[in-house]
There are 2 protein chains.
Amino acid sequence: MKGGIFYAVSVGPGEPDLLTLRSVRVLEKCPVICFPQTDSASGKKHHIAFDAVRGAVSLAEKKILFFPFSMVPDCAAMRAEYEAAVSSCESFLRQGMDVAFVSIGDVSLYSTGSRIADLVRERGFEVRFVPGVNSFSVAACEACLSLAGRNESVLIIPGDAFYMEETLRAALLSPGTKILMKMGRHLREILALVDALGLSERATLVQKASLPGQKIFRDEELRHLDDSVIADSYLSILIVKNNA
Amino acid sequence: MKGGIFYAVSVGPGEPDLLTLRSVRVLEKCPVICFPQTDSASGKKHHIAFDAVRGAVSLAEKKILFFPFSMVPDCAAMRAEYEAAVSSCESFLRQGMDVAFVSIGDVSLYSTGSRIADLVRERGFEVRFVPGVNSFSVAACEACLSLAGRNESVLIIPGDAFYMEETLRAALLSPGTKILMKMGRHLREILALVDALGLSERATLVQKASLPGQKIFRDEELRHLDDSVIADSYLSILIVKNNA
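Residues numbered from 1 in each chain as written. Chains lettered and ligands numbered in written order. Predicted model: local features only at pLDDT ≥ 70, side-chain atom pairs only at ≥ 80, totals over all residues. Heavy atoms only, no water.

1. Some details on the packing of helix 3 (residues 75–93) of chain B against helix 4 (residues 113–122) of chain B
Residue and element names in this part refer to chain B. With their axes 10 Å apart at the nearest point, helix 3 and helix 4 run at an angle of 60° to one another. Classified by the angle between their axes, helix 3 and helix 4 sit oblique to one another. Relative to helix 4, helix 3 is oriented so that their crossing is right-handed. For the pair helix 3 and helix 4, the contacting residues are M78, Y82, E83, A85, V86 and L93 in the first and R115, I116, L119 and V120 in the second. Across the contact of helix 3 with helix 4, the residue classes tally to eight nonpolar, no polar and two charged. (Axes fitted to C-alpha atoms, helices over the stretch in contact; angles between N-to-C directions. Helix = DSSP H or I, 4+ residues; strand = E, 2+ residues; numbered from the N terminus. Parallel < 35°, antiparallel > 145°, perpendicular 65-115°, else oblique. Left-handed = near helix turned anticlockwise from the far one by under 90°. Contact = heavy atoms within 4.5 Å. Nonpolar A, V, L, I, M, F, W, Y, C, P; charged D, E, K, R; others polar.)

2. Here's the deal with the packing of helix 3 (residues 75–94) of chain A against helix 4 (residues 112–122) of chain A
Residue and element names in this part refer to chain A. Running from N to C, helix 3 and helix 4 point in directions that differ by 65°, and their axes come no closer than 10 Å. The hand of the helix 3/helix 4 crossing is right-handed. In this structure, helix 3 uses M78, Y82, E83, A85, V86 and L93 to contact helix 4, whose residues at the interface are T112, R115, I116, L119 and V120. Considering only residue class, the contact of helix 3 with helix 4 consists of eight nonpolar, one polar and two charged.

3. Notes on the interface of chain B and chain A
Across the contact, 55 residues belong to chain B and 55 residues belong to chain A. Of the roughly 4000 Å² buried where chain B meets chain A, counting both sides, 58% is carbon and sulfur surface. The tally of links from chain B across to chain A stands at six salt bridges. The partner of E142 of chain A in a salt bridge is R22 of chain B, and the shortest N-O contact between them spans 3.7 Å. Between chain B and chain A we count 18 residue pairs in polar contact (both at pLDDT 80 or more) in total. (Buried area = accessible area lost by both parts, 1.4 Å probe. Salt bridge = Lys/Arg side-chain N within 4 Å of Asp/Glu carboxyl O. Polar contact = N/O pair within 3.5 Å; in protein donor to acceptor, adjacent residues only side chain to side chain.)

4. Some words on the pattern of salt bridges
Residues and elements named next belong to chain A. Going through the model one piece at a time under the given rule, you end up with 26 salt bridges over all chains. R123 serves as the salt-bridge partner of E90, at 2.6 Å between the closest nitrogen and oxygen. With a gap of 33 residues between them, E90 in helix 3 and R123 in the loop between helix 4 and strand 5 (127–130) connect regions that are remote in the sequence. Taking the relative accessible area as the measure of exposure, E90 reaches 12% and is therefore buried. (Buried < 20%, exposed > 50% of the residue type's maximum accessible area, 1.4 Å probe, protein only.)

5. Notes on the side chain of T20 of chain A
Residue position: T20 of chain A is located in the loop between strand 1 (6–10) and helix 1 (21–29). With a relative accessible area of 1%, T20 of chain A lands in the buried category. Among the polar contacts listed, one links the side chain of T20 of chain A to the backbone nitrogen of S23 of chain A, at a separation of 3.0 Å. What T20 of chain A contacts, discounting residues up to four positions off in sequence, is P131 of chain A together with D17, L18, L19, T20 and V133 of chain B.

6. Describing helix 8 (residues 187–196) of chain B
Residue and element names in this part refer to chain B. Among all positions in helix 8, only L187, I190, L191, L193 and V194 are buried. Viewed end-on, helix 8 has its buried residues packed into an arc of 160°, placing them on one side of the element. In the core, the buried residues of helix 8 are packed alongside helix 6 (159–164), helix 7 (168–173), strand 7 (176–181), strand 8 (203–207), helix 9 (227–231) and strand 10 (236–242). (Arc of directions from axis to C-beta.)

If you want it as structure tokens, here you go:
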């Protein structure tokens, strides 16, 4: 089908200067820019992506769309939200307008954008992914931490899901570096497990990597975190380096 | 100690437009830019990093340094090379000049830059890491592939090392997405193992992601690769999605 191109555009973890030159160029040329609004309760996530883009690209002449997505994995409700977003994008693509759909971090990892892109492709439109800086890379860099050397592996874990499935303990004890993302409401329990396994001294917690209010906690500090830190789990990344 | 700042600067996988705005800004302000030359035989790696930077930043007024690093893990020889690189950087830092040391991909993952940074910090200078786009993110994006959804893990594996240690089979059979990097001289054997485990139809091989000459092979294609493809393992990334 002819029409506009759908770009799933990565914008990094939130600081405007962590966009790539390519993401800036693609956003500049797209007349329509879509933002997922995945944290409806606080609205935090939508503001982070929006502020990142607004700091790097002029939005004055753009059509800006916000799409709400439920965080609760209710298939029927989510599917309806996805269909609504895709249909909205389609109306612009049909007019030959390019559409950018923004993802925090890199679009290939835990993004809504890649799923929307799949649905847009199914409707016959051309889809392209624009890569970006992963939030865990920024967390590691802000802590001046090497995640892995020559022979070491790195396991990226959705923390809350693994905690709920009781697979987190085995994952934490396996060799190599662990990166825990998406710890959600179980951040305190996850930190307690890391400590019980004797791994606190190999752990680093980075909150709001590179954003205003960034905090880094290591070792002993991880045992005495304020409730305010625990409550702010949304942009938290825990790195555990239990290499030999 | 007073002096210049040492920046370990990520430049992404090689295309100039995959540098972040921050990396461009840091490289522009540093009067000294260092490139690791880790593939001395072919000189490939040094050209990739150099071309990436040259395409995004004017090098006309810069002091450019190339540091050769052995790929063979001989501790004494490597330590001597590292010490030589660090001493060279120190001579500029002592004069108050900022030094940028370039890393392909992101500096927190499998980089020489992070190890040089550690040694520079030990000599009393300020060190900062500037994050970048991981090469596996670009590989996934070029293939329009989502690495992981909500509840899925991602394991990043140095392929050659795991193959030699005979830990690759178990890693490939564990749940979640696998990203194989650094497959080196065992690319053919690794592909044969993936096939023997019945995982070829879940595998994607991306070579030279986003660079001229990029190639993507999937499924049945992976069983019939030319020797020229196998020989070009240096910039190859294999993604195996054996999620449920």
